[in-house]
There are 4 protein chains.
Amino acid sequence: MSQPAYVLLIDCTDQKGLVHKITGVLYSQNVNIIGNQEFVEREQDRFFMRTDFSGKINATAILEELQKVLPADASISLRPKRAKNIVVLVTKEQHCLGELLVRHQFNELNANILAVIGNHDTLKPFTHQFGVNFHLVSHEGKSREEHEKEVLEVAKRYDPEYLVLAKYMRILSPEFVRNFPNRIINIHHSFLPAFIGANPYRQAYERGVKIIGATAHFVNNDLDEGPILMQNVIPVDHTYSVQDMMQSGRDVEKIVLAHALKLVFNDKVAVVGNKTIVFD
Amino acid sequence: MSQPAYVLLIDCTDQKGLVHKITGVLYSQNVNIIGNQEFVEREQDRFFMRTDFSGKINATAILEELQKVLPADASISLRPKRAKNIVVLVTKEQHCLGELLVRHQFNELNANILAVIGNHDTLKPFTHQFGVNFHLVSHEGKSREEHEKEVLEVAKRYDPEYLVLAKYMRILSPEFVRNFPNRIINIHHSFLPAFIGANPYRQAYERGVKIIGATAHFVNNDLDEGPILMQNVIPVDHTYSVQDMMQSGRDVEKIVLAHALKLVFNDKVAVVGNKTIVFD
Amino acid sequence: MSQPAYVLLIDCTDQKGLVHKITGVLYSQNVNIIGNQEFVEREQDRFFMRTDFSGKINATAILEELQKVLPADASISLRPKRAKNIVVLVTKEQHCLGELLVRHQFNELNANILAVIGNHDTLKPFTHQFGVNFHLVSHEGKSREEHEKEVLEVAKRYDPEYLVLAKYMRILSPEFVRNFPNRIINIHHSFLPAFIGANPYRQAYERGVKIIGATAHFVNNDLDEGPILMQNVIPVDHTYSVQDMMQSGRDVEKIVLAHALKLVFNDKVAVVGNKTIVFD
Amino acid sequence: MSQPAYVLLIDCTDQKGLVHKITGVLYSQNVNIIGNQEFVEREQDRFFMRTDFSGKINATAILEELQKVLPADASISLRPKRAKNIVVLVTKEQHCLGELLVRHQFNELNANILAVIGNHDTLKPFTHQFGVNFHLVSHEGKSREEHEKEVLEVAKRYDPEYLVLAKYMRILSPEFVRNFPNRIINIHHSFLPAFIGANPYRQAYERGVKIIGATAHFVNNDLDEGPILMQNVIPVDHTYSVQDMMQSGRDVEKIVLAHALKLVFNDKVAVVGNKTIVFD
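In this text, all values refer to a predicted model and were calculated from it rather than measured experimentally.

Visitor: Would you mind going over helix H1 (residues 18-28) of chain D with me for this structure?
Guide: Within an α-helix, residues lying three or four positions from one another point in the same direction, as the helix has 3.6 residues per turn. Counting buried residues along H1 of chain D, eight of its eleven residues qualify, which places the element largely inside the surrounding structure. Buried residues of H1 of chain D: Leu18, Val19, His20, Ile22, Thr23, Gly24, Val25 and Leu26 of chain D, and no others. Looking at the packing, one finds that the buried side of H1 of chain D touches helix H1 (18-28) and strand E2 (32-41) of chain C together with strand E1 (5-13), strand E2 (32-41), strand E3 (46-54) and helix H2 (59-69) of chain D. Looking at the residues trailing H1 of chain D, positive phi occurs at Asn30 of chain D, about 70°.

Visitor: Where do I start with the relation of the copies chain D and chain C in this structure?
Guide: Both copies of the chain are placed relative to one another by a rotation about an axis and a shift along it. Mapping chain D onto chain C calls for a screw motion: a turn of 180° about the axis and a shift of 0.0 Å along it, with 0.0 Å RMSD after fitting. What we have between these two chains is a two-fold relation. The overlap is high: 100% of the interface residues of chain D also sit at the interface in chain C, so the same surface is used on both sides.

Visitor: Just checking my understanding: could you explain the relation of the copies chain C and chain A for this structure?
Guide: It takes a turn of 180° to lay chain C on chain A, together with a shift of 0.0 Å along the axis; the resulting RMSD is 0.0 Å. Most of the interface of chain C is mirrored in chain A, where 97% of its interface residues again form contacts.

Visitor: Can you walk me through the sheet that holds strand E7 (residues 133-136) of chain A in this structure?
Guide: Either a parallel or an antiparallel arrangement is found when strands of a sheet pair, and the pairing is made through backbone hydrogen bonds. Residue and element names in this part refer to chain A. Reading across from one edge, E7-E6-E5-E8-E9-E10-E11 is the order of the seven strands in this open sheet, with mixed pairing throughout. Unpaired on one side and paired on the other, E7 and strand E11 (228-235) mark the two borders of the sheet. Put simply, the sheet's adjacent strands are angled 25° from each other on average, direction ignored. Alignment of strand E5 (residues 84-90) against strand E6 (residues 111-118), held across seven bridges, turns out to be parallel. Each residue of the ladder has a partner; that of Asn85, found in E6, is Asn112. Contacts between helix H8 (residues 242-265) and the sheet are confined to E5, E6, strand E8 (162-165), strand E9 (184-191), strand E10 (211-218) and E11, with E11 contributing the most and set at about 150° to the helix.

Visitor: Whenever I open this one, the sheet that holds E2 of chain D confuses me. Can you help?
Guide: A sheet is described by the order of its strands in space; here eight strands give the open sequence E4(C)-E1(C)-E3(C)-E2(C)-E2(D)-E3(D)-E1(D)-E4(D), paired in antiparallel fashion. Single-partner strands in this sheet number two, and they are strand E4 (75-80) of chain C together with strand E4 (75-80) of chain D. Along the sheet, successive strands turn relative to each other by an average axial angle of 15°, direction set aside. As defined by bridge partners, strand E1 (residues 5-13) of chain C adjoins strand E3 (residues 46-54) of chain C across nine bridges and the pair is classed as antiparallel. When the bridges of E3 of chain C are listed, Ala5 of chain C appears paired with Ser54 of chain C.

Visitor: What is the right way to read the pairing of strand E1 (residues 5-13) of chain A from this model?
Guide: Consecutive residues of a regular strand have side chains that alternate between opposite faces of the sheet. Residues and elements named next belong to chain A. Burial analysis of E1 places seven of its nine residues in the buried class, which makes it a mostly covered element. Judged from the six bridges that link them, E1 and strand E4 (residues 75-80) form a sheet pairing that is antiparallel. By the bridge assignment, Leu8 is partnered in E4 with Leu78.

Visitor: Quick question: what am I supposed to make of the confidence of the model for chain A here?
Guide: Parts of the prediction with low pLDDT should not have their coordinates interpreted in detail. Within chain A, residue pLDDT values average 94, and 98% of them lie at 70 or more. Across the whole predicted complex the pTM is 0.95, and at the interface the ipTM reaches 0.92.

Visitor: Mind showing me how you'd approach the interface of chain C and chain A here?
Guide: Where the parts come together, the accessible area they lose is often given as the size of the interface. In this complex, chain C contributes 33 residues to the contact, which on the side of chain A involves 32 residues. Taken as a group, Leu192, Arg207 and His238 of chain C account for 27% of the area that chain C buries against chain A, more than any other trio of residues on that side. If you look at where chain C meets chain A, you find two salt bridges. The closest approach of N and O atoms between Arg202 of chain C and Glu43 of chain A, which form a salt bridge, is 2.8 Å. On inspection of chain C and its partner chain A, the count reaches 18 residue pairs in polar contact (both at pLDDT 80 or more). Take the side of chain C that touches chain A: its biggest share by element is six residues, from strand E11 (residues 228-235) of chain C. Considering only residue class, the side of chain C that touches chain A consists of 14 nonpolar, ten polar and nine charged.

Visitor: Help me understand the interface of chain D and chain C, please; the structure alone is not making it clear to me.
Guide: With 19 residues of chain D at the contact, the number on the chain C side is 19 residues. For the pair chain D and chain C, the summed buried surface comes to about 1800 Å²; carbon and sulfur atoms form 52% of the total. If you sort the residues of chain D by the area they bury against chain C, Lys16, His20 and Tyr27 of chain D come out on top, with a joint share of 36%. Our count for the contact surface shared by chain D and chain C stands at zero salt bridges. At the boundary of chain D with chain C, the tally comes to 13 residue pairs in polar contact (both at pLDDT 80 or more). Tallying contributions element by element places E2 of chain D first for the side of chain D that touches chain C, with eight residues. Split by residue class, the side of chain D that touches chain C holds six nonpolar, nine polar and four charged. Two elements, E2 of chain C and E2 of chain D, share five bridges in a ladder whose sense is antiparallel. Bridge pairing in E2 of chain D places Gln37 of chain C opposite Gln37 of chain D.

Analysis parameters
- Residue numbers run consecutively from 1 along every chain, following the written order of its sequence.
- The order in which chains are written sets their letters, starting at A; the order in which ligands are written sets their numbers, starting at 1.
- Residues qualify for local features only when their pLDDT is at least 70, as the model is predicted, and side-chain atom pairs are given and counted only at 80 or more; totals for whole chains, interfaces and linings, by contrast, use all residues.
- Side-chain numbers come from the whole structure's heavy atoms, not from hydrogens or water.
- Three labels apply to residues, based on accessible area from a 1.4 Å probe with only protein chains included: buried if under 20% of the type maximum, exposed if over 50%, partly exposed otherwise in between.
- A run of H or I in DSSP counts as a helix once it spans at least four residues, and a run of E counts as a strand once it spans at least two, with each numbered from the N terminus.
- Contacts are assigned to residue pairs with any non-hydrogen atoms lying within 4.5 Å of each other.
- The fit set for superposing copies consists of C-alpha atoms from residues with pLDDT of at least 70 in both; the fit itself is least squares.
- Should DSSP find at least two bridges between two strands, the strands are taken to pair.
- Angular values range over 0 to 180 degrees, each being the angle between N-to-C directions of two axes fitted as lines to C-alpha atoms, with helices fitted over their stretch in contact.
- Each residue carries a pLDDT value, the predictor's own confidence for that position, ranging from 0 to 100.
- Buried surface area refers to the total accessible area, computed with a probe of radius 1.4 Å, that the two partners give up upon joining, counted for both partners together.
- Any Lys or Arg side-chain nitrogen found within 4 Å of a carboxyl oxygen on Asp or Glu counts as a salt bridge.
- Each polar contact in these results corresponds to two N or O atoms within 3.5 Å; when the atoms are within protein, one needs to be able to donate a hydrogen and the other to accept it, and residues that are neighboring in sequence are counted only if both atoms are side-chain atoms.
- Residue polarity is assigned by list, with Asp, Glu, Lys and Arg as charged and Ala, Val, Leu, Ile, Met, Phe, Trp, Tyr, Cys and Pro as nonpolar; anything else, Gly included, falls into the polar class.

Next up, the structure:
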């Protein structure tokens, strides 16, 4: 396919004829629709549509025509299909970062890792092995506000489309998150039953859980509470030590994060309320 | 929802503007589109669309209007959303039949089991427990042709939309299959690596496989070779005897069959060449 | 194998030479060891051993000899390998009961279902289809204490080795549970993240979870807090309604319960603290 | 634990009293048994035992005492618990090698990667990023015999305990394999149904498979036919292109290989006939 390819994501109040009207605009602009998916969230009466198309387009004309036929509350995203620019935040654990750096090096991430920012320098040499910039922004002796301001300042230098928290172990303030609405992705472990308080792996060990899970989600104002992108689990048993369970946790976390990023970076995700619509 | 609901499945050579044209017909008929999915199989340049809608419709008018805007090779299926009428074929094993009968009794199958036909009478009392008709059509002393003729005759009395082979252990001839094109669903075990010849569970045991699978598929002229609907696996290990592996095989087969039937009975499956398009 | 088969489960403070001493007793009694598994829980310094053996044994002699060589705190269970006698408690949902009744009828449960007790009579006809006794013990107009006393009285008539809560929707008091220590098995749904309060499926729907789980566990004094036997999950997505998620929950619950019971009824489970040792 | 730790693996014809005799030897040598697992393969009447223990031992004395009490055909392996020395063979694909190199760098592999040997130099820079030796042994213009001789010569310089074929795309001759009996581990994709001939991913695509698998196995004389160590699958669907399926294949291959190696490098695997006994 020599023609440029695009993804159109539309999100608006549902009404009759939307698919017909939207595809009418695309038809009149002579594009080639490759795929089209629609979903109506009945509880909120909200319409979602993702269209994959190619063609030599006049983007302004398409957006103007769409605005004419769509409800006033429509959010329209028309993006060329291309690798996304990202900055990765880390603390000390390498497993998620390693997964991203290897996929990145072999063009399997659909993203450009512009830089890695760590609040420790543990992963600096590892990041450099892959020829990627690493910035230490230590939180030592700083208020959360000061630290976040510095992280933000470093990140913004790269103008990233997404921030990926690859086991970044600090809680982000609502003020920070507001800079990247639905553009920060986090990964965290999770257990059935859920364990509150410190040292969840020890609690999981003591309770003898049989599966350990991981959840990738967008970050919003509530920690670990944003819209879920992907979840999976890995089996464990009574012979696993706390350390073995932590290793299993790392194994499932890195895969869940990588697969969630693939969805996001391919523009397959919309958000409604506190949940995702995943067009896959 | 008090209005009748329908599923429209369209399958034709791809061309520009199909979604626009099809939704235009639906729009003009004033229906409420609940969901819409489109897929283009690029290798065969074939367009597939599934539309879920409700409304008081004039089915003839919709079909006529669609034929006007679609390519000549279009196959159009417009069906009310309702439980399908089915006949189940069995031999001696109960696990798949049991799964279907329990779901059927509690309205979880989206199908009416009109009758069960067995080439043995082993499962007759079990079927009767659920208040479902059972017909013994023994193959003893008959040619395959004669036996199939009888099975067909009994099945056709019920005018079923689908035949479900719930561990029916006889091979169906192309002549028989031709009566129910893409309307016969089979379940069979499967192994990695694949084992040829008799007694695959013994071969799997001797090779020490770590997973046992099951595949649900439409039946076409080649045994075990029709379009695949669903597949899944279950873990096993060296402590499993051949009998334990067979039990695991039964456990995965019944779940895979039940889930595959749910897709088919909800009109979520189209077929292209030897593969399925599953709109789920 | 024509000789009677047994399972020996030992649980005691760890010390040197236990395996040697225990197998010495068995060796002197001339049994055939089929399998032997040992596990030491290091945190509590507790030794667990499961031995599968056959032979014409003098059980009293074996127990006496074992007591001589084991620490004073040893718990020793020597049981013939045979189907367990069970009573099943239900409320209105059939999916778990159906799974158990079908497996029971075809000798795949390794248990005799002596009776089903319901606090509603919804599942009475269904239970009767399988030729199994059903007792209605309504909770209407009774205190929890009175109701439990009646349930206990009916259950004890059958002298069951295990009670299985197959979606029994009432909380059991510690007094009731004390009658069957580590002999009551429950199944319940579970979600990541965990949802507190009423209507967890609605909460899961609103949060857009991507997996729904089920946990089978022994019941102890804390509701839903006993030692975990087995856990598994099933994928769901944004297209699932609350009802679809409930169906997925039922599908995973019944399988997890059936597999957990298989472990328990084959004497493969020991308990230490609030967790299980599963010898599989 | 300050005391040295060991793994004892025994494999012999079954007879009465073996566990008692073996543990008697260990007891007399005053070791601390951490875990003990036994399995009897009934079809071949063969006994397998794995014992994890620690202590200041006299290895020669233990081996001599064991030989006295075990059948003449016993194979006894007594090894200190430690990271294994390995050489990795590759061709052009990086996904498995990347997984191993990252785990290696962070001590999660329980192995020392002494060198990587490639029949192409594609992965040389990538290997060097991790500070690991890379040897190009091109097969161009050489007979298989000549090429294998060179590979063997380079590998043997490192005296590896295991060779790992991390997508090494050349078939090894029985002569080569004989140098490393049950010490070469391979990973390959696998499909249900199995596809014979070139380009299995295209065949899988055309048939519309719903899962893609991977199998890790020891290499013996028959290509892809040695004892299976681990298998797993990943779901795919009709929207996956051949390239997407290949990516899914890579994702599952690297995880299956890493987990299989963990079993092997922790001395948890025995082989009987053409199958593995995995003590996990």
